[in-house]
Amino acid sequence: MPRHQSSVAALQQALSMELTAVQQYLLHAHVLDDWGLDKLAAKMREEMQEELGHAGQFIDRILYLGGSPEVVPAKAPVKAESLKAMFESDRADEEEAIEVYTAAARAAGEAGDIGSRVLFETIALDEEGHWGWLDQQLGLLERMGEPAFMQVYFTGTAAEA
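Note that the structure is a prediction, hence the values are computed from the model and not measured.

Conventions used here
Residues numbered from 1 in each chain as written. Predicted model: local features only at pLDDT ≥ 70, side-chain atom pairs only at ≥ 80, totals over all residues. Heavy atoms only, no water. Salt bridge = Lys/Arg side-chain N within 4 Å of Asp/Glu carboxyl O. Helix = DSSP H or I, 4+ residues; strand = E, 2+ residues; numbered from the N terminus. Buried < 20%, exposed > 50% of the residue type's maximum accessible area, 1.4 Å probe, protein only. Axes fitted to C-alpha atoms, helices over the stretch in contact; angles between N-to-C directions. Parallel < 35°, antiparallel > 145°, perpendicular 65-115°, else oblique. Left-handed = near helix turned anticlockwise from the far one by under 90°. Contact = heavy atoms within 4.5 Å. Expected span 1.5 Å × (residues − 1). pLDDT = per-residue confidence, 0-100. Core = buried A, V, L, I, M, F, W, Y, C linked by side-chain atoms within 4.5 Å.

## A look at the pattern of salt bridges
Scanning all chains against the criterion turns up eight salt bridges. Taking the shortest distance from any N to any O, the salt bridge between Asp113 and Arg61 comes out at 2.5 Å. A residue pair is termed long-range when its members are at least 10 positions apart, and Asp113 in the loop between helix H3 (83–110) and helix H4 (114–144) and Arg61 in helix H2 (residues 38–64) qualify at 52 residues. Between Glu88 and Lys84 there is a salt bridge, and its shortest N-O distance comes to 3.9 Å. Of this pair, Glu88 and Lys84 both sit in helix H3, four residues apart, which is roughly one turn of the helix. Accessibility expressed as a relative area gives 35% for Glu88, which makes it partly exposed. On the basis of relative accessible area, Lys84 is assigned to the partly exposed category, the value being 46%.

Set out below in structure tokens:
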């Protein structure tokens, strides 16, 4: 029986959420490449790597507590049809992660599982950074309009597109 069963359950939920994010950012990167937005695709690959790192940290903590990590995403990725839809969906997912990880940190602290509490707090702060970046992109997209916004993330010329 694993130590801190409630923490293991929360860590498993977080692991599944991070694996969903990894797959979602991977899909975004390829969609953005297809749209010719290679700079933004590279940013999505960076986000994917960070989320993969989070997943690894959750796996390590589950193992440390004597659990058996289930490497299964929470949901399937969804192809966005526009930049606005992509950013809004990702921002909602980041908001959910912040809420879940904050509650999990509180519960782990109350259960005396300081290691899990700190892990959840640290990753929640990373997710806040992701949320802020996505919120900023949505603001820029609204102020600039999609054609001008897309030009920022396109490194080629119109003839190449």
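What follows picks up the thread again.
## Section: the packing of H2 against H3
Running from amino to carboxyl end, H2 crosses H3 at an angle of 20 degrees, the nearest separation of the two axes being 14 Å. Between H2 and H3, the interaxial angle falls into the category roughly parallel. As H2 packs across H3, the resulting crossing turns out to be left-handed. Each of Leu40, Met44, Glu51 and Phe58 in H2 lies in contact with H3, whose residues at this interface are Leu83, Met86, Phe87, Asp90, Glu94 and Tyr101.

## Notes on the environment of Leu65
Take Leu65: it is sitting in the loop between H2 and H3. On a C-alpha basis, the gap between Leu65 and Gln5 in space is 8.3 Å, while along the polypeptide they are 60 residues apart.

## Notes on the environment of Phe154
Tracing the backbone shows Phe154 in the segment after helix H5 (146–152). A relative accessible area of 17% means that Phe154 is categorised as buried. As for Phe154 and Gln49, which are separated by 105 residues in sequence, their C-alpha atoms are 22 Å apart.

## Some points on the side chain of Ser16
Residue position: Ser16 is located in helix H1 (residues 5–34). Apart from residues no more than four positions distant in its own chain, Ser16 is found in contact with Glu70, Val72, Pro73 and Ala74.

## With respect to H4
The end-to-end C-alpha distance of H4 is 45 Å, a good match for the 45 Å that 31 residues give at a rise of 1.5 Å each. Looking at the residues trailing H4, positive phi occurs at Gly145, about 85 degrees.

## Description of the confidence of the model for the protein
Low-pLDDT portions of the prediction should not be read for the details of their coordinates. The predicted model of the protein has a mean per-residue pLDDT of 93, with 94% of residues at 70 or higher. Throughout residues 157–161 the model reports pLDDT below 50, and contacts reaching past four residues in sequence, or to other chains, amount to one contact.

## Details of the nonpolar core
Counting 22 residues, the largest nonpolar core has Leu32, Leu37, Leu40, Met44, Leu83, Phe87 and Trp133 as the members making the most contacts within it. Secondary structure elements with two or more residues in this core: H1, H2, H3 and H4. When residues of this core are assigned to their parent elements, the largest contribution, six residues, is made by H1. When sequence neighbours within four positions are dropped, the list of residues in contact with Leu83 reads Leu32, Trp35, Leu37, Leu40, Leu141, Glu146, Phe149 and Met150. One finds Leu65, Val100, Tyr101 and Ala105 within the second-largest nonpolar core, a separate group that totals 20 residues.

## Points about the packing of H2 against H4
At a closest axis distance of 11 Å, the pairing of H2 and H4 adopts a crossing angle of 170 degrees. Classed by the angle they form, the pair H2 and H4 counts as roughly antiparallel. Only Gly115, Ser116, Leu119, Phe120, Ile123, Asp126, Glu127, His130 and Trp133 of H4 make contact with H2, whose side of the interface consists of Leu40, Lys43, Met44, Glu47, Glu50, Glu51, His54, Gln57, Phe58 and Arg61.

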